[in-house]
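# Coordinate analysis (summary)
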Amino acid sequence: MSTATIPGNERLRGAMTAANVTVEALAAQVGIDPKSVERWLVTGRTPHARHAHAAARLLGADPHHVWPKLGQRHRSTPVPQDEVVAAYATRATVPMDVWRTVLASATSVLDLVVPNLVFLAHVVGDLPGLIEQQAAAGVRVRIVLPEQTTGRAAQVADALAALADRPGVHLAAHPGLSADVLRADDDVLVATPVDGLIPSMAPVLHLRRLGPAPLTGGYLASLDHLVMSAEPYAPLPVASLRAVAA
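Residues numbered from 1 in each chain as written. Predicted model: local features only at pLDDT ≥ 70, side-chain atom pairs only at ≥ 80, totals over all residues. Heavy atoms only, no water.

## Some words on the sheet that holds strand β3 (residues 140-146)
What counts, and what does not: Here, any two strands with at least 2 DSSP bridges between them count as paired. What counts as a helix is a DSSP run of H or I of at least four residues, what counts as a strand is a run of E of at least two, and both are numbered from the N terminus. We call two residues contacting when some pair of their heavy atoms lies within 4.5 Å. Helix axes use the C-alpha atoms of the stretch in contact, all axes being lines fitted to C-alpha atoms, and the angles between their N-to-C directions lie in the range 0 to 180 degrees.
As summarised here, the arrangement of the eight strands in space is β1-β7-β6-β5-β2-β3-β4-β8, forming an open sheet in which the pairing is mixed. Both edges of this open sheet fall to β1 (84-88) and β8 (231-232), since each of them pairs with a single strand only. Where strand β2 (residues 109-113) meets strand β5 (residues 180-184), four bridges bridge the pair, whose relative direction is antiparallel. For Leu110, the partnering residue across the bridge sits in β5 and is Ala184. Together, β1, β6 (187-191) and β7 (204-208) form the strand contacts of helix α4 (residues 49-59), whose direction differs from that of β7 by roughly 85°.

## Overview of the side chain of Asp180
Spelled out, the test is: Counting of polar contacts relies on pairs of N or O atoms within 3.5 Å, with two restrictions inside protein: one atom must be capable of donating a hydrogen and the other of accepting it, and residues adjacent in sequence are counted only when both atoms are side-chain atoms.
One can find Asp180 in strand β5. Engagement of the side chain of Asp180 in a polar contact is seen with the side chain of Asn116, the distance being 2.6 Å. Not counting the four nearest positions on each side in its chain, Asp180 is found in contact with Arg91, Val113, Val114, Pro115, Asn116, Leu189, Val190 and Ala191.

## Brief notes about empty space enclosed by the protein
Note the threshold: Only protein atoms enter the 1 Å grid, on which a cavity is a set of points fitting a 1.4 Å probe that cannot get out and a pocket is an open set with protein on both sides within 12 Å along at least 5 of 7 lines, lining residues being those with an atom within 4 Å of a point. Grid points are joined across faces, edges and corners, and a volume is the space filled by probe spheres set on the points. Under the convention adopted here, Pro, Cys and the residues Ala, Val, Leu, Ile, Met, Phe, Trp and Tyr are nonpolar, Asp, Glu, Lys and Arg are charged, and Gly plus all remaining residues are polar.
Enumeration over the complete set of coordinates arrives at one cavity of 30 Å³ or more. Here the largest cavity is characterised by a volume of approximately 40 Å³. Lining the largest cavity, in full, are Trp99, Val114, Asn116, Phe119, Leu120, Asp180 and Leu182. When contributions to the lining of the largest cavity are tallied by element, the ones reaching two or more residues are α8 (117-123) and β5. A per-class count over the lining of the largest cavity returns five nonpolar, one polar and one charged.

## As for the packing of aromatic side chains
Centre-to-centre distance and the angle between the planes together describe a pair of aromatic rings. Here is the rule we go by: Only the six-membered ring of Trp is used, alongside the rings of Phe and Tyr, when aromatic pairs are assigned; centres must lie within 6.5 Å, and planes under 30 degrees apart are stacked while those over 60 apart are edge-to-face, with the rest tilted. Each residue is assigned to one of three classes by its accessible area relative to the maximum for its type, calculated with a 1.4 Å probe on protein chains only: buried under 20%, partly exposed between the two thresholds, exposed over 50%. A positively charged side chain is recorded as over a ring if its NZ (Lys) or CZ (Arg) lies within 6 Å of the ring centre. The angle to the ring normal must also be within 35 degrees.
Considering all chains together, one arrives at two aromatic pairs under this definition. Centre to centre, the rings of Trp40 and Trp67 are 5.5 Å apart; their planes meet at 80°, and the pair counts as edge-to-face. In this pair, Trp40 is assigned in helix α3 (residues 34-43) and Trp67 in the loop between α5 (63-66) and α6 (70-73), connecting sequence segments 27 residues apart. Judged by its relative accessible area of 4%, Trp40 is buried. Classification of Trp67 as buried rests on a relative accessible area of 1%. Summarising the aromatic geometry, the rings of Trp99 and Phe119 are spaced 5.2 Å apart at their centres and angled 85° between planes, so their arrangement reads as edge-to-face. Linking Trp99 in helix α7 (residues 96-104) with Phe119 in helix α8, this pair joins segments that are 20 residues apart in sequence. Phe119 sits in the buried class, given a relative accessible area of 18%. Positioned over the ring face of Phe119 is Arg91, at 3.7 Å from the centre of the ring.

## Looking at the packing of helix α2 (residues 23-30) against α3
Geometry of a packed helix pair, given as the angle between the helix axes and the separation of the axes. Heads up, the rule is: Left-handed is the label given to a crossing in which the near helix is rotated counterclockwise from the far helix by less than a right angle, and right-handed is the label when the rotation is clockwise.
Between α2 and α3, the least distance of the axes is 8 Å, while the angle of their chain directions is 115°. Judged by the twist between their axes, the crossing of α2 over α3 is right-handed. Between α2, through Val23, Leu26 and Ala27, and α3, the contact on the second element is made entirely by Pro34, Val37, Glu38, Trp40 and Leu41. When its residues are assigned to classes, the contact of α2 with α3 shows seven nonpolar, no polar and one charged.

Rendered as structure tokens:
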């Protein structure tokens, strides 16, 4: 039987079978109705890029192999909303494991601009160890910390400063940080402060770069600017992070 006569999308069906993922589970992970996944299977419809990449990540598959026409469909410039994986009204509503999962997914680039150090150390309890592990695996790591830290934030900064001599790790300090921006390859988590609200009430975007990155590109440019304009971080005596992450 030729490829043209195979009903629906057998590549997707095979990937779901191999990963033991049901229609309902795939739909829940991607954030769509199960009927949409059924249409992918039965009619061979090519999904939007953000849905295709999210589904392929869950299945451990190449999205362009599962949907060969994906590149053709999105040959035109993506619109900003195509890059939004998820949007959260406040930082507190982000599932706690999202932060670590995104950082651990990096295979080439890991950038952290973190004015709210205590929060990040709380949601990623093994933060220094994870960063060291990523750097050892060949991931380029750039970290920009606040220029002035006190109390528990200073403890976190000191623990991260101990990584400054690791190959592939660049540590710097900047006096003008406001938003938490975490980048792992093409994924970006952004917590943008709002005047009059405490940091925990800031909305959070989970973005994934697509093509020329009409939305994510601004945050990536900001990351590069902050790294280039920051001063080298002056290490202080290393303090244990255990009390901070507890």
